[in-house]
Structures are given as structure tokens and as C-alpha cells.
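# A structural walkthrough
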Amino acid sequence: MANMKNFFADKRYPGRFIIVGKDRGAAVVIYGATGRSPSSLRREFVEQGDGVYMTAVDATVAIEGNPDLLEYPAVRIFENGIVSANGNQIERVDSLAFEGMNAKNYLANVLADETYEPDEHTTPRITGCVVLGPAEDAALHIVRTDNGGINRSAWSVPLQDGSGSYIATYAGPDAKPTPSFVGEPLQVPLAFGSAEAAVRSVFDMLAPAPGTPDYRIGVVAAYVDGEGTPDIAIVNKLARVSA
């Protein structure tokens, strides 16, 4: 399992990514976002109600971008778990209290007719969830292009303390055409100890080399302990720049 800093070292532009796992006994979902276009970069994470939303900070998204793709609930907290996604497909996950199937099959079922994003990069749609309780479970799902068709893949992922499973929209190189994430989820270590430490560490790991553009938008982490108490932390690049 790669050191987390080394893991991100060759991922100049991962797009959006999700990590699900466990850290010091807490169930963890980490969602991170990077962007290159002006409209993508003029966004931030805002905690509202039962989750965290990706929202525009000004009119740039509406004028130069596509609000339907750029604004969405990124993380939602349920009584028995957490779900995260890079778009409005998260609205299809209206409950984690499903019966008769595991988390992998549930995501595969509710996202059975989902497609990749209708943009120039055919950006994959990624979704992840952690289900708490006696039947603890976790899953990741991706919808991506496949030789002109659609590939939908879902995985059950282990919830082992100190370990997480990672998927992203893009493979990592800063290139155009932008290569999509390929293969299965990648294993990463989780040893931050808290949501606050996680967002600050991951945000710093995504920092650009001197003299290169900063593609970071922000990072969200949701940690839920054995008592079911959620600990949510957010770091936004725009908030740091204006501070």
C-alpha cells in the first residue's frame, strides 16, 4: 500500500475522487475536487443540512459552465451511513436502509441506467458509500466510457482499520484528452485520526509544484465513530486564498 503523499505525487489532475475506509475505528468518506476551467475553479464546498454541497461562489459557473454538472450534493449523511458522489446521481441514493442486498449491489441497482457526464472529457460519474451497523459494508461505483459504449462497474470494498479504497474521475496526468480512471479501486492508507487532519493533509498533498497552476478546489471528510456521531470537515482553496 503506497504512502498517501507518494500516492498523489503522480496525480497532477485526478479530477474528482472518493476514498472510503476506516481510520482509528471511524468509518470514513473523503471527497476531493480539482478543476482546470475558470467555471470549475469558482466553486466551494458548503455544509448544509444533512450533507455537503458543491456550490458556485459567483456567476462564473452560470455564465461559462454548466451548473447541472458543476453544482450538486457531494456528501450526504444518513442515520446509518455516508454516501458521496461527483454529481446529481447522488440523489438516486435516497436511503442506506436497503434490505436483501449488499452495498455493491444496491449502488449497481440504483445507478443501473446512469451515464457518464455529457462533457468534452466524457467525465466518469463516481459514487461511494459506507453503511454502518451490525452488517457494516462499503462500496464504490463508476460509470465511464468504454470504446464508445458505457461501462458500469461496482465493487465491494473492505472496511479495514487504517485502510481506504480510492476511485477518481481521471487517471491523474494533466493532459488533453484527459484520460479516465481505469481498472479497480486503489488501496491507500488512512491514518489521519480526524476529519480535520484528513482534509488539511489531503489538500496539501494536492499542492502544485512551484510555478504551475493550482487545480485544487477543496476536500471534504466525513468521519463517523462507533456512536454514529458524524465529524465533518471542509477545506476550500478559495477560502484559504481570501483568508
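Whatever comes next refers back to the structure up there.
The model shown is predicted, which means the values in this text are computed figures rather than measured ones.

## Here we look at the sheet that holds strand 7 (residues 125-131)
On the basis of which strands lie adjacent, the open sheet formed by 7 strands has the order 3-4-5-6-7-8-9 and antiparallel pairing. Strands with a single pairing partner mark the edges of an open sheet, and in this sheet they are strand 3 (43-48) and strand 9 (149-156). Recorded for the sheet is a direction-independent mean angle of 15° between the axes of neighbouring strands. The pairing of strand 8 (residues 137-146) with strand 9 spans 8 bridges and is antiparallel. Bridging from a neighbouring strand, Ala139 pairs with Ser156 of strand 9. Across the sheet, helix 5 (residues 103-110) touches strand 7, strand 8 and strand 9, and the angle it forms with strand 8 is around 40°.

## Quick look at the pairing of strand 3
Pairing of strand 3 with strand 4 (residues 51-56), which is carried by 6 bridges, proceeds in the antiparallel orientation. Pairing of Val46 across the sheet is with Tyr53, part of strand 4. Between strand 3 and strand 4, which follow one another and run antiparallel, lie 2 residues, and Gly49 among them has a positive phi close to 55°.

## Observations concerning unusual backbone geometry
Peptide bonds are, in most cases, trans, and in most cases residues other than glycine have a negative phi. Each neighbour pair has its own omega, and for Lys176 with Pro177 the value is 0°, a cis peptide bond. Topologically, Pro177 is positioned in the loop between strand 10 (163-168) and strand 11 (186-189). Even without glycine at this site, Arg24 takes up a positive phi of about 55°. Tracing the sequence through the fold places Arg24 in the loop between strand 1 (16-23) and strand 2 (26-34). Of note in the backbone geometry, Thr122 takes a positive phi value of approximately 40° without being a glycine. By the element assignment, Thr122 lies in the loop between helix 5 and strand 7.

## Some words on the nonpolar core
The biggest cluster of nonpolar side chains holds 54 residues, and the ones touching the most others in it are Ile30, Val75 and Tyr166. Residues Val83, Ala85, Ile90 and Ala103 belong to the second largest nonpolar core, which totals 15 residues.

## Re the layout of surface pockets
Where empty space is left can be seen by rolling a probe of water-molecule size over the atoms. As a volume, the largest pocket reaches approximately 410 Å³. Around the largest pocket, the lining comprises 21 residues; the ones closest to its centre are Ser37, Ser40, Leu70, Asp119 and His121. For the lining of the largest pocket, the elements supplying multiple residues, two or more each, are helix 2 (38-41) and helix 4 (67-70). Broken down by class, the residue content of the lining of the largest pocket amounts to 5 nonpolar, 8 polar and 8 charged. Put simply, the second largest pocket is a space of about 180 Å³. The wall of the second largest pocket is formed by Lys5, Phe8, Ala9, Asp10, Lys11, Arg12, Met205, Leu206, Ala207, Pro208 and Ala209. Considering every element that reaches the lining of the second largest pocket, the biggest residue donor is helix 1 (residues 4-9), with 3 residues.

Calculation criteria
Residues numbered from 1 in each chain as written. Predicted model: local features only at pLDDT ≥ 70, side-chain atom pairs only at ≥ 80, totals over all residues. Heavy atoms only, no water. Pairing = 2+ DSSP bridges. Helix = DSSP H or I, 4+ residues; strand = E, 2+ residues; numbered from the N terminus. Axes fitted to C-alpha atoms, helices over the stretch in contact; angles between N-to-C directions. Contact = heavy atoms within 4.5 Å. Core = buried A, V, L, I, M, F, W, Y, C linked by side-chain atoms within 4.5 Å. Buried < 20%, exposed > 50% of the residue type's maximum accessible area, 1.4 Å probe, protein only. 1 Å grid on protein atoms, 1.4 Å probe; cavity = no way out; pocket = protein on both sides within 12 Å on 5 of 7 lines; lining within 4 Å. Points joined across faces, edges and corners; volume = space filled by probe spheres on them. Nonpolar A, V, L, I, M, F, W, Y, C, P; charged D, E, K, R; others polar.

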